[in-house]
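# Topology and contacts: notes
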Amino acid sequence: MNIKGFVGVFWRTKKLESLKKWYSDVLKIELEDWNGTVLIPQPGNETVFSFFSESDTYFPEDQQVMLNFQVDNIDESIKHLQQIGITLVMEKTVNQYGKFIWIEDPEGRRIELWEK
């Protein structure tokens with residue numbers, strides 16, 4: 001078997017239209033009529049696949065999955081989020097892996113934005 005890449009993230013929601021609008025307004029992910037989109041990787045874009053133990057505190061224990069999106073410029077992303085009133089759950093953190101911030105979607109899912 002040869003894994004070619006990460007293909008998708010799927011989850012259920014009771015508030016489909018409002019969640020689609022939030023992801024469009026906040027993360028600029030334009031969802032099509034089939035309620036999804038295809039994000040085409042660009043050079044330098046990476047996909048991380050990682051497991052966390054049940055007791056790991058990196059993200060909330062009651063959240064089974066955390067989304068991580070790579071962005072070109074974390075400071076521009078912060079500015080955009082501030083302009084539209086989105087509160088950062090975690091202020092910008094810089095370490096050997098890059099720059100990170102966290103936000104939450106309307107259903108409380110923690111989302112990590114990362115600049116390599």
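To keep things clear, this report deals only with the structure shown in the data block. Not measured: the values here are computed from a predicted model.

## As for unusual backbone geometry
At K28, a position not held by glycine, the phi torsion is positive, near 60°. Its place among the elements puts K28 in the loop between α1 (16-27) and β1 (67-70). In this model, N35 sits at a positive phi of 70°, which is unusual for a non-glycine residue. Note on placement: N35 falls in the loop between α1 and β1.

## A few points about the pattern of salt bridges
Under the defined criterion, the tally for this structure stands at eight salt bridges. For the salt bridge of E107 with R109, the shortest nitrogen-to-oxygen distance reads 2.8 Å. By relative accessible area, which is 31% here, E107 ends up partly exposed. Under the relative-accessibility criterion, R109 is labelled buried at 17%. Each of D105, E107 and R109 takes part in salt bridges that share partners, so that together they form one network.

Rules behind the numbers
Residues numbered from 1 in each chain as written. Predicted model: local features only at pLDDT ≥ 70, side-chain atom pairs only at ≥ 80, totals over all residues. Heavy atoms only, no water. Helix = DSSP H or I, 4+ residues; strand = E, 2+ residues; numbered from the N terminus. Salt bridge = Lys/Arg side-chain N within 4 Å of Asp/Glu carboxyl O. Buried < 20%, exposed > 50% of the residue type's maximum accessible area, 1.4 Å probe, protein only.

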